[in-house]
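Letter by letter, the chains look like this.
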Amino acid sequence: MSAESVQALLECSVTELTGRFVTQAQPVPQGLLEALEADPRQGAQTLARKLRSRQEKNRAEGQRLRHLLKFETELWEQGLLKVAGVDEAGMAPLAGPVVAAAAILPRGYKLKGLDDSKKILDPDKREALAEALKRDVVAWAVGRAEVEEIDQLNIYHAGLLAMRRAVEGLGLTPDYVLVDARTIPQCPAPQRGIIKGDSLSLSIAAASVLAKTTRDRLMAQLDAQYPGYGLAAHKGYPTAQHVQAIQALGVLPIHRRSFGPVREALGLAQPSGPVPMQSELFAATPAPMAKR
């Protein structure tokens with residue numbers, strides 16, 4: 001932008017400039033920020049500080065997102081473009097299925113604010129991110145394991161089953177799969193489990209948001225079907241309100257009978273012995289990161 005144009009903007013009121021560049025978030029023309037910082041008006045300098053702070057936050061967000069694409073970038077550079085992130089939601093609740101999601105991001109994709117769903121506390125923000133992902137990604141899918149499968153397999157293995165179903169639901173075979181913390185039995189592609197992957201990989205973070213929002217909507221639907229248990233509020237987790245509702249109103253078909261508070265409400269004995277590990281039920285061999 002020319003000096004004359006910057007000068008013309010400086011002739012505008014601070015209120016007008018704030019409306020354009022803060023409220024409407026229009027791009028700040030080159031040179032304007034420096035001119036506002038040199039402007040003797042207190043309001044102009046306050047505006048400059050706001051714009052500078054936003055600029056620094058945007059720069060930091062860009063660096064954060066680039067860091068979260070570390071694993072994906074390594075694979076993209078090897079020609080493995082269809083990298084699927086996989087994560088689940090609903091391992092700990094007493095009610096409802098466990099839901100997993102798989103998502104393949106376009107190469108170099110960045111979505112401001114995208115993070116591990118557990119770090120995004122605002123439900124509306126999670127929903128907005130989920131809608132953006134559904135619009136932008138190469139492919140996405142959800143898979144679930146029902147309450148009966150959870151009780152039969154145990155929750156750990158049911159979570160793996162939901163993850164496999166999510167990958168199989170993509171409609172294409174990924175070149176590589178990044179999974180939060182585990183490896184998926186019978187996965188149709190090479191894979192890598194990443195400890196705390198939902199905080200370290202943008203693809204896994206995307207899957208975590210899709211899984212969480214899908215399951216939350218399902219629990220809201222179940223709340224309408226089974227009023228009085230507060231399912232829309234606690235999403236089936238073992239809150240004091242939920243446990244009290246089970247004791248007062250009884251156990252529902254959607255409650256996991258292999259979970260302690262539900263078994264207690266039914267008067268069933270607690271299971272003894274260790275929970276089977278992954279290797280006991282599945283022949284799953286972790287695959288190393290691909291190299292070419």
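Looking at an unreviewed UniProt entry, one finds the protein chain named Ribonuclease HII, with Corallococcus exiguus as its source organism. What UniProt records for the protein chain under Function (unreviewed entry) is the sentence "Endonuclease that specifically degrades the RNA of RNA-DNA hybrids." Under the UniProt heading Sequence similarities (unreviewed entry), the entry covering the protein chain gives this text: "Belongs to the RNase HII family."

1. A closer look at the packing of aromatic side chains
For the structure shown, the criterion picks out 0 aromatic pairs. We note K70 situated over the ring of F71; from NZ or CZ to the ring centre the distance is 5.6 Å.

2. Some points on the pattern of salt bridges
Summed over the entire model, instances satisfying the criterion amount to 15 salt bridges. For R41, the salt bridge is made with D39, and the minimal N-O distance between the two is 2.9 Å. The residue D115 makes a salt bridge to R64 at a minimum N-O spacing of 3.4 Å. Of this pair, D115 sits in the loop between β2 (98-104) and α6 (123-136) while R64 sits in helix α4 (residues 42-68); the two residues are 51 residues apart in sequence, bridging distant segments of the chain. Take D115: its relative accessible area is 14%, and that puts it in the buried class. What you see here is one network of salt bridges that share partners, running through E61, R64 and D115.

3. Here's the deal with the domain arrangement of the protein chain
Under the domain assignment used here, the protein chain contains domain 1 (7-66), domain 2 (79-212) and domain 3 (222-264). Each of domain 2 and domain 3 has a C-alpha centre, and these two points are 25 Å apart. In this complex, domain 2 contributes 13 residues to the contact, which on the side of domain 3 involves 17 residues. Counting every contact that joins domain 2 to domain 3 gives 0 salt bridges. Where domain 2 meets domain 3, there are 10 residue pairs in polar contact (both at pLDDT 80 or more). Per-element accounting of the side of domain 2 that touches domain 3 gives the leading share, 3 residues, to helix α7 (residues 147-153). Considered class by class, the residues forming the side of domain 2 that touches domain 3 number 10 nonpolar, 2 polar and 1 charged.

4. Side note on the side chain of H234
Tracing the sequence through the fold places H234 in helix α11 (residues 231-234). Exposure remark for H234: the relative accessible area of 7% places this residue in the buried category. Looking at H234, its side chain comes within polar contact range of the main-chain oxygen of Y229, at 2.6 Å. Setting aside anything within four residues of it in sequence, one finds H234 in contact with Y229, T239, Q241 and H242.

5. Quick word on the UniProt feature "binding site: a divalent metal cation" (unreviewed entry) in the protein chain
Residues annotated in UniProt with the feature "binding site: a divalent metal cation" (unreviewed entry) correspond here to D87, E88 and D180. Considering the C-alpha atoms alone, the annotated residues occupy 94 residues of sequence yet fold into one spot, their largest mutual distance being 8.3 Å. The topology assignment puts E88 in strand β1 (residues 83-89). Looking at E88, the relative accessible area reads 15%, which means it is buried. E88 has contacts with V98, V99, A100, M163, R182 and A211, leaving out every residue within four places of it along the chain. A distance of 2.8 Å separates the side chain of E88 from the side chain of R182, its partner in a polar contact.

Conventions we followed
Residues numbered from 1 in each chain as written. Predicted model: local features only at pLDDT ≥ 70, side-chain atom pairs only at ≥ 80, totals over all residues. Heavy atoms only, no water. UniProt positions renumbered as here; feature names shortened; annotations may be inferred. Phe/Tyr/Trp six-rings, centres within 6.5 Å; stacked < 30°, edge-to-face > 60°. Lys NZ or Arg CZ within 6 Å of the ring centre and 35° of its normal. Salt bridge = Lys/Arg side-chain N within 4 Å of Asp/Glu carboxyl O. Helix = DSSP H or I, 4+ residues; strand = E, 2+ residues; numbered from the N terminus. Buried < 20%, exposed > 50% of the residue type's maximum accessible area, 1.4 Å probe, protein only. Domains from an automatic or database assignment. Contact = heavy atoms within 4.5 Å. Polar contact = N/O pair within 3.5 Å; in protein donor to acceptor, adjacent residues only side chain to side chain. Nonpolar A, V, L, I, M, F, W, Y, C, P; charged D, E, K, R; others polar.

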